[in-house]
Amino acid sequence: MREDLIYILTKKFFVKKKFGLLAGQPPSGSDNLPVIEIKTNKKEKGSKDSYIPDLVVINYDYIVIVECKPRFNQGDIDKIDEIDKNELRIKNFYNEILSRNLLIKYNFLNYFNDYETFKNKLRYCLSFNGNFSELEKINIINFSDDKDSLFVEAKNSNYKIIISE
Amino acid sequence: MKNCTIYSDNLIEADWFQNLSPEFKDTKTELIKQRNKNIPIINELVDYDRPDIILLDQNQKPLLVLEKTAEVPTGHNVGQRIARLVKAIEKGVPTMLFFPFDARKHGTHTGICNLNARLLLAFKRMWEIHNTPIFAINWKSDSNGELINDGSEDEELKKILRNIIKDNFSLNSKIYKKYKDLNYEEYQKRINIRPAYAKPPNSAEILKTKNFLDSLNFEIDEVDKIKLLKNKESLIYKIIMTEENCKRQDPYTGTQFMYDYLYCRTGKLNYEKNRNLFLYFPKIRKNTWKIKNPNNPETKSCNWYLIANTLIFKDGILNLI
């Protein structure tokens, strides 16, 4: 399955589950969403060492960094793990969202009104086609060749996204 | 429009375009493949570069071409994408560019960037020379320069498409004339605010052809010189690349079209000019260039050889049209 198709299906999945699309940078081409960079150090120039999530989606309970890939990819797990362990990056992510007024724009500011709340509501998700096994900290959307989706929660309860049907 | 086909560079853009009109609900989508791997009309339209969207009717006649970008509209950014559009207007296909006229650049040196208004005049010239609509549509931004992306940003484009479809894709659709006028009003408004956009940029200078050729540190063959001196003036587009980093096309090969139509071109064919267009590479030797950027029709590097009267290096000239 093509990466751009995974991206489209992932967006449709989250919209159907009543999430808002906060930001996004598709694997190729362009989307109408703002692009958010998560930097290691705010002072660095340009995009060096910065990480741009494929998608960022939000509802009252969660803000989710989503990576879309044709297949399961260990590199993406490592990348997300690096973000999760790095307090500075998470703070930079929060500040970037605040500086772009995205929480105000989409009326979520009251639900993410300080950094601690933001951090506690931060979740991760990988979407892809093909085989997989459950992950500790990362939720999964697995797309079949027929484009059906299967949502698999992260094993660790602090990282789970509970999606109501 | 069940029998039409949306050709796109990418499924995300195809999906976006398809949702701009209920008429496209059952329209097929196809991906644009590599050069020379598509049906003939698509190969022709992507000859210079690949636009985001090409809409074909049931007889594979192109109905419109559309390019979309969220990039800030300054400097070379606006010129870079023009090669994706020019082939369409050369072939009489109405063409649109959807992008922000004013948008915030993010990063350390954040600020609101305003449109390089030369683009709007270049479109007007292209339209008049090829008698084919080409115009810009503003992707609106808020007062902070952030792009609108709540869905309302597409409303203007949707309205344009409704009109074009209602008029059966006729080149005489009134909506085209309306946007030609709107674009020109926008151009005038912007050069009043920033008059520098009414003149060539620092990288492009209009000089007497003879004076410029005489200033070069190498001899030019007399026959070539006579040919180049036919136009008394030349637009010198100075491209400061080094030999190490000269294997590239963007943004220059797109921007050259903007300068050609703005300052040189008088007719549909690439040699119909009242000024020469010179691409000038003062830091590069001719033979290095030939190795790194050959005139190979299988790659985009052939775009260097499309419209300039000649390419000028620190030790010689290349490719006279």
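Colleague: Help me understand the overall build of chain B in this model?
Modeller: When helices and strands are counted, chain B shows eleven helices and 13 strands. Here the C-alpha radius of gyration of chain B, 20 Å, is about what a compact globule of 321 residues would show, namely 20 Å. Relative to its full complement of 321 residues, chain B shows a buried share of 40%. Pairs at least 24 residues apart make up 67% of the contacts formed inside chain B by residues separated by at least 6 positions.

Colleague: So what exactly am I meant to see when it comes to the sheet that holds strand 5 (residues 95-99) of chain B here?
Modeller: Strands pair in a sheet through their backbones, by hydrogen bonds, and they do so in one of two ways: parallel or antiparallel. All names here are of chain B. Reading across from one edge, 2-1-3-4-5-8 is the order of the six strands in this open sheet, with mixed pairing throughout. Edge positions in the sheet fall to strand 2 (28-31) and strand 8 (134-138), since each has one partner strand and no second. Across this sheet, the average inter-strand angle for adjacent strands is 20 degrees, counted without regard to direction. Relative to strand 2, strand 1 (residues 5-8) runs parallel, the two being bridged by four bridges.

Colleague: Hey, could you run me through the pairing of strand 4 (residues 62-68) of chain B in this one?
Modeller: Along any regular strand the residues' side chains alternate between the sheet's two faces. Residues and elements named next belong to chain B. Within strand 4, six of the seven residues are buried, which leaves it mostly tucked inside the rest of the structure. Sheet topology note: the strand 3 (residues 53-56)/strand 4 ladder contains four bridges and is antiparallel. Bridging from a neighbouring strand, Ile54 pairs with Val65 of strand 4. If you look at the hairpin formed by strand 3 and strand 4, you'll find five residues sitting between the two strands, and Gln60 has a positive phi there, around 60 degrees. Bridge analysis of strand 4 against strand 5 gives four bridges, and the strand direction is parallel. Residue pairing across strands places Glu67 opposite Leu97, the latter belonging to strand 5.

Colleague: Sorry if this is basic, but what is going on with the packing of helix 5 (residues 118-130) of chain B against helix 10 (residues 252-263) of chain B here?
Modeller: To describe two helices that pack against each other, one gives the angle between their axes and the distance between the axes. Residue and element names in this part refer to chain B. Look at helix 5 against helix 10: their axes get within 8 Å of each other, and the N-to-C directions meet at 65 degrees. The pairing of helix 5 with helix 10 is recorded here as roughly perpendicular in orientation. The handedness of the crossing between helix 5 and helix 10 comes out as left-handed. Residues Arg118, Leu119, Leu121, Ala122, Arg125 and Met126 of helix 5 form the contact with helix 10, whose participating residues are Met258, Tyr261 and Leu262. In terms of residue class, the contact of helix 5 with helix 10 is made up of seven nonpolar, no polar and two charged.

Colleague: So what exactly am I meant to see when it comes to the confidence of the model for chain A here?
Modeller: Caution applies to low-pLDDT regions: their predicted coordinates should not be interpreted in detail. When pLDDT is averaged along chain A, the result is 90; 94% of the residues meet or exceed 70. Element-level mean pLDDT values for chain A span from 88 in helix 4 (residues 102-105) of chain A up to 97 in strand 5 (residues 139-143) of chain A.

Colleague: Hey, could you run me through the environment of B:Ile12 in this one?
Modeller: Position of B:Ile12 relative to the elements: it lies in helix 1 (residues 11-18). B:Ile12 sits in the buried class, given 24 other C-beta atoms within 10 Å. Linking B:Ile12 and B:Asp52, residues 40 residues apart in sequence, is a C-alpha distance of 9.9 Å. In this structure B:Ile12 touches A:Asp4, A:Tyr7, A:Ile8, A:Pro26, A:Gly29 and A:Asp31, once residues within four positions along its chain are discounted.

Colleague: Any chance you could explain the interface of chain B and chain A here in plain terms?
Modeller: One frequently used descriptor of interface size is the decrease in accessible area upon assembly of the parts. With 17 residues of chain B at the interface, the matching set in chain A holds 17 residues. The dominant element in the side of chain B that touches chain A, judged by the number of residues it contributes, is helix 1 of chain B, at five residues.

Colleague: What am I meant to see in the sheet that holds strand 9 (residues 204-208) of chain B here?
Modeller: Residue and element names in this part refer to chain B. One open sheet accounts for five strands, arranged 9-10-11-12-13; its pairing is mixed. The outermost strands of the open sheet, each flanked by one partner alone, are strand 9 and strand 13 (317-318). Here strand 11 (residues 276-280) runs beside strand 12 (residues 310-312); their pairing, made up of three bridges, is parallel. By the bridge assignment, Tyr280 is partnered in strand 12 with Ile312.

Colleague: When you look at the packing of helix 1 (residues 3-16) of chain A against helix 1 of chain B in this model, what are you seeing that I'm missing?
Modeller: At a minimum axis distance of 8 Å, the contact between helix 1 of chain A and helix 1 of chain B shows a crossing angle of 45 degrees. The orientation of helix 1 of chain A relative to helix 1 of chain B falls into the category oblique. Residue-level inspection shows A:Asp4, A:Leu5, A:Tyr7 and A:Ile8 of helix 1 of chain A in contact with helix 1 of chain B, the latter providing B:Leu11, B:Ile12 and B:Asp15. Residues of the contact of helix 1 of chain A with helix 1 of chain B, tallied by class, amount to five nonpolar, no polar and two charged.

Colleague: Please clarify how the domain arrangement of chain B should be interpreted in this entry.
Modeller: Residue and element names in this part refer to chain B. Partitioning chain B into domains gives domain 1 (5-196) and domain 2 (204-318). Between the C-alpha centres of domain 1 and domain 2 the distance comes to 27 Å. Taken together, the contact pairs 18 residues of domain 1 with 16 residues of domain 2. Among the elements that make up the side of domain 1 that touches domain 2, the one with the highest residue count is helix 5 (eight residues). For the side of domain 1 that touches domain 2, the class distribution of residues is nine nonpolar, four polar and five charged.

Colleague: Before we go on, may I ask you to explain helix 1 of chain B in this structure?
Modeller: Extensive coverage of helix 1 of chain B is indicated by the burial of seven of its eight residues. All buried positions along helix 1 of chain B are accounted for by B:Leu11, B:Ile12, B:Glu13, B:Ala14, B:Asp15, B:Trp16 and B:Phe17. On the buried face of helix 1 of chain B, the contacting elements are helix 1 of chain A together with strand 1, strand 2, strand 3 and strand 4 of chain B.

Colleague: What is the right way to look at the pairing of strand 5 of chain A in this model?
Modeller: Residue and element names in this part refer to chain A. Burial of strand 5 is one-sided: the residues Asn139, Ile141 and Phe143 facing one way are buried, the residues Ile140 and Asn142 facing the other way are not. Pairing between strand 4 (residues 122-129) and strand 5: five bridges, direction parallel. Looking at strand 5, one finds that Phe128 is bridged to Asn142. In textbook terms, the turn of a hairpin is the stretch between consecutive antiparallel strands, and for strand 5 and strand 6 (residues 149-152) this stretch comprises five residues, one of which, Lys147, has a positive phi near 75 degrees.

So, how was this worked out
Residues numbered from 1 in each chain as written. Chains lettered and ligands numbered in written order. Predicted model: local features only at pLDDT ≥ 70, side-chain atom pairs only at ≥ 80, totals over all residues. Helix = DSSP H or I, 4+ residues; strand = E, 2+ residues; numbered from the N terminus. Rg over C-alpha atoms; globule rule 2.2 N^0.38 Å. Buried ≥ 20, exposed ≤ 12 C-beta atoms within 10 Å, placed from the backbone. Contact = placed C-beta atoms within 7 Å. Pairing = 2+ DSSP bridges. Axes fitted to C-alpha atoms, helices over the stretch in contact; angles between N-to-C directions. Parallel < 35°, antiparallel > 145°, perpendicular 65-115°, else oblique. Left-handed = near helix turned anticlockwise from the far one by under 90°. Nonpolar A, V, L, I, M, F, W, Y, C, P; charged D, E, K, R; others polar. pLDDT = per-residue confidence, 0-100. Domains from an automatic or database assignment.

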